[in-house]
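Commentary on secondary and tertiary structure
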Amino acid sequence: QFPRQCATVDALRSGECCPDLSPVFGPGTDRCGSSSGRGQCVPVIADSRPHGPQYMHDGQDDREQWPLRFFNRTCSCNSNFSGYDCGSCRPGWNGAACNQQIRTVRRNLLDLSAEERNNFVSVLHQAKTTIHPDIVIATRRHEEILGPDGTTPQFENVSIYNYFVWSHYYSVRKTFLGAGQQSFGGVDFSHEGPAFLTWHRYHLLQLERDMQEMLQDPSFALPYWNFATGGNTCDICTDDLMGARSNFDVSLISQNSIFSQWRVLCENLEDYDTLGTICNSSEGGPIRRNPAGNVARPMVQRLPEPQDVALCLEVGLFDTPPFYSNSTDSFRNTVEGYSDPSGKYDPAVRSLHNLAHLFLNGTGGQTHLSPNDPIFVFLHTFTDAVFDEWLRRHNPDISIYPLENAPIGHNRQYNMVPFWPPVTNNEMFVTAPENLGYSYDVQWPSRALQVTEIITIAIVTALILVAIIFAGATCIVHARKNKDELHQPLLTDQYERYSDDYDSIPNPSQSVV
Ligand SMILES: O=C(O)c1cc2cc(O)c(O)cc2[nH]1
């Protein structure tokens, strides 16, 4: 959420978060790396266009007009420099001067070799256990952020992976309306609206970047899970990847997997909603996962079909009014999984991304907890791959993304909550290889024909065959007729010739004088 340097009474009171990149000449001398031309401290821009009608508690949530409740000045970085102090590079750029272009490749988890799988699992575990070097999380709402005495900022350290978990929780948490009042749950800054795809894209980029820095390896890339197998098993739930099922409890992970030791963040929903507190970095119970095991909902016992991906890629409009979870003919609502795969909204449907979450049936199926299960990362890289393929195929203009009246958090120019420095949805609505420095190594299924299309093709083929047969028959009749007509003059000629000849034969009955 915020850089450690800004979690101070002074920074919070001044509203300015512009850390020194290298304070060699004393504090405040190199804010945003200004001495080396990397950036400068500027006012935060938070778009104020109206959001949709789903949220009616304006003024009561710290996430409105993000991040103005906390800070109104931030670093703005020049050229390819980036980050909270302009000390890093924009995605896709590398090197001391951020002038070397790089392109990483996100691969199918199942294509990793045994050694790559092993490495990857240990790197994830390293992220789960390494304190984030730069970022701390708020554990109280802004109203209480300076603590009971007004001088104790309520922030905590968090591990790199747990920051990923916490950011998702913070974006979906209910709005606290006061002690004794029901918190408002009809708000979600990262789901059920156009920002679903842009928000989750940035969320993954940030984790990938944090892991690259942890490893000092700019080529590190997150793999993906192609969940559209149509099966009823989780093919990545093996001990060399995300962990097999425990033999002792169907909803736990096998002890042969390191993930059986992971503990979950943000479990105490009851406290957050009734006391108005915020999830902190304390961990609770183990990850629960029981793929295909939801006996009460047979619909979520199978994963999406490959055809579902092919179909959703054909939905032409990015999003449609009301830009919510009941939008129809919307690519976003289809890949998110509230519409059937061809785009038609149906309140009973759960498809694609939503279906993959619900199939996991446990920690990974609850929005406030889901990133605690590492499968979340790979489920979302695949969803992002579908988004990128859609952008490549349809090449949409940015004007297709709503500027206003989308649910709160989802307008095009809104800053995504709770990221810092501020980043808008707009900035993630671009093709990844050209603009963000990564691509996917993936084969897309081609679409099978639908019944109506098969019937149309059969009718057209039958008509063509009838036409060919008719034309053939007509030709034969004509040919016969022509043949007959050709024979006729020959006979006449001959007849005439013979008649001439006959005429020339002297008639014996005529007397020759
Ligand atoms: O019920 C759903 O459709 C559903 C559950 C769930 C969990 C999750 O973490 C998501 O990100 C989305 C989601 N949808």
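Residues numbered from 1 in each chain as written. Predicted model: local features only at pLDDT ≥ 70, side-chain atom pairs only at ≥ 80, totals over all residues. Heavy atoms only, no water.

With an unreviewed UniProt entry as reference, the protein is termed 5,6-dihydroxyindole-2-carboxylic acid oxidase, source organism Chelydra serpentina. UniProt's Sequence similarities (unreviewed entry) comment on the protein is quoted here verbatim: "Belongs to the tyrosinase family." (UniProt positions renumbered as here; feature names shortened; annotations may be inferred.)

A closer look at the side chain of Ser183
By the secondary structure assignment, Ser183 is in the loop between α3 (160-172) and α4 (195-215). A relative accessible area of 14% places Ser183 in the buried class. Reaching out from Ser183, the side chain makes a polar contact with the backbone oxygen of Asp273 at a distance of 2.9 Å. Apart from residues lying up to four places away in sequence, Ser183 is in contact with Lys174, Thr175, Phe176 and Asp273. (Helix = DSSP H or I, 4+ residues; strand = E, 2+ residues; numbered from the N terminus. Buried < 20%, exposed > 50% of the residue type's maximum accessible area, 1.4 Å probe, protein only. Polar contact = N/O pair within 3.5 Å; in protein donor to acceptor, adjacent residues only side chain to side chain. Contact = heavy atoms within 4.5 Å.)

Thoughts on the state of the cysteines
Throughout the structure, instances matching the rule amount to seven disulfides. Note on cysteine connectivity: Cys18 is disulfide-linked to Cys41, with sulfurs 2.0 Å apart. Across the S-S bond of Cys18 and Cys41 the torsion is about 70°, and the bridge reads as right-handed. Taken as a pair, Cys18 in the loop between β2 (16-17) and β3 (39-43) and Cys41 in strand β3 lie far apart in primary sequence, 23 residues in all. Taking relative accessible area as the criterion, Cys18 reaches 8% and is therefore assigned buried. Two residues share a disulfide in this structure: Cys32 and Cys75, whose sulfurs sit 2.0 Å from each other. Here the S-S torsion is close to -85°, and the disulfide linking Cys32 with Cys75 is therefore left-handed. Residue Cys32 is found in the loop between β2 and β3, and its partner Cys75 is found in strand β4 (residues 73-77); the two are separated by 43 residues along the sequence. Residue class for Cys32 comes out buried when judged on its relative accessible area of 0%. (Disulfide = S-S within 2.5 Å.)

A closer look at the UniProt feature "domain: Tyrosinase copper-binding" (unreviewed entry) in the protein
Sequence positions flagged by UniProt for "domain: Tyrosinase copper-binding" (unreviewed entry) are, in local numbering, residues 191-208 and 373-384. Annotated as 83% helix and 0% strand, the span residues 373-384 places its first and last C-alpha atoms 18 Å apart.

Things to note about the packing of helix α8 (residues 352-360) against helix α9 (residues 375-394)
Here α8 crosses α9 at 165°, and the two axes come no closer than 10 Å. The angle between the axes of α8 and α9 places the two elements in the roughly antiparallel class. Seen from above, α8 lies across α9 with right-handed handedness. For the pair formed by α8 and α9, the contact residues are His353, Ala356, His357 and Leu360 on the first element and Ile375, Phe376, Leu379, His380 and Thr383 on the second. Partitioning the contact of α8 with α9 into residue classes produces five nonpolar, four polar and no charged. (Axes fitted to C-alpha atoms, helices over the stretch in contact; angles between N-to-C directions. Parallel < 35°, antiparallel > 145°, perpendicular 65-115°, else oblique. Left-handed = near helix turned anticlockwise from the far one by under 90°. Nonpolar A, V, L, I, M, F, W, Y, C, P; charged D, E, K, R; others polar.)

A word on a nonpolar patch on the surface
A contiguous nonpolar surface patch, about 310 Å² in accessible area, is contributed by Leu465, Ile468 and Ile469. Take Leu465: its relative accessible area is 49%, and that puts it in the partly exposed class. (Patch = residues over 30% accessible without salt bridge, like charges linked within 9 Å, V, L, I, M, F, W, Y side chains within 5 Å. Areas by Shrake-Rupley, 256 points an atom, 1.4 Å probe, with all protein chains shown as cover. Salt bridge = Lys/Arg side-chain N within 4 Å of Asp/Glu carboxyl O.)

Some thoughts on empty space enclosed by the protein
Under the defined criterion, the tally for this structure stands at three cavities of 30 Å³ or more. Its boundaries defined by the atoms lining it, the largest cavity holds a volume of some 80 Å³. Residue lining of the largest cavity: Ala46, Asp47, Arg63, Glu64, Gln65, Trp66, Phe189, Ile408, Gly409, Tyr414, Asn415 and Val417, and that is the complete set. Classifying every residue of the lining of the largest cavity gives six nonpolar, three polar and three charged. Elements with a minimum of two residues in the lining of the second largest cavity: α4 and α9. Per element, the largest residue contribution to the lining of the second largest cavity is five residues, and it comes from α4. By residue class, the composition of the lining of the second largest cavity is three nonpolar, three polar and two charged. (1 Å grid on protein atoms, 1.4 Å probe; cavity = no way out; pocket = protein on both sides within 12 Å on 5 of 7 lines; lining within 4 Å. Points joined across faces, edges and corners; volume = space filled by probe spheres on them.)

Observations regarding the nonpolar core
Of all hydrophobic cores here, the largest spans 112 residues; its most connected members are Trp166 and Phe331. In terms of residue count, the dominant contributor to this core is α9 (eleven residues). (Core = buried A, V, L, I, M, F, W, Y, C linked by side-chain atoms within 4.5 Å.)

Brief notes about the pattern of salt bridges
What the rule picks out here adds up to 24 salt bridges. Among the ionic pairs, Arg201 bridges to Asp384, the shortest N-O distance being 2.7 Å. Of this pair, Arg201 sits in helix α4 while Asp384 sits in helix α9; the two residues are 183 residues apart in sequence, bridging distant segments of the chain. What makes Asp384 buried here is its relative accessible area of 4%. Two residues, Arg288 and Asp249, come together in a salt bridge whose shortest N-O distance is 3.3 Å. One end of the pair, Arg288, is in the loop between β13 (283-286) and α6 (306-312); the other, Asp249, is in the loop between α4 and β12 (263-265), and 39 residues separate them in sequence. Classification of Arg288 as partly exposed rests on a relative accessible area of 36%. Shared partners join several salt bridges into a network, and the residues in it are Arg106, Arg201, Glu208, Asp384 and Asp388.

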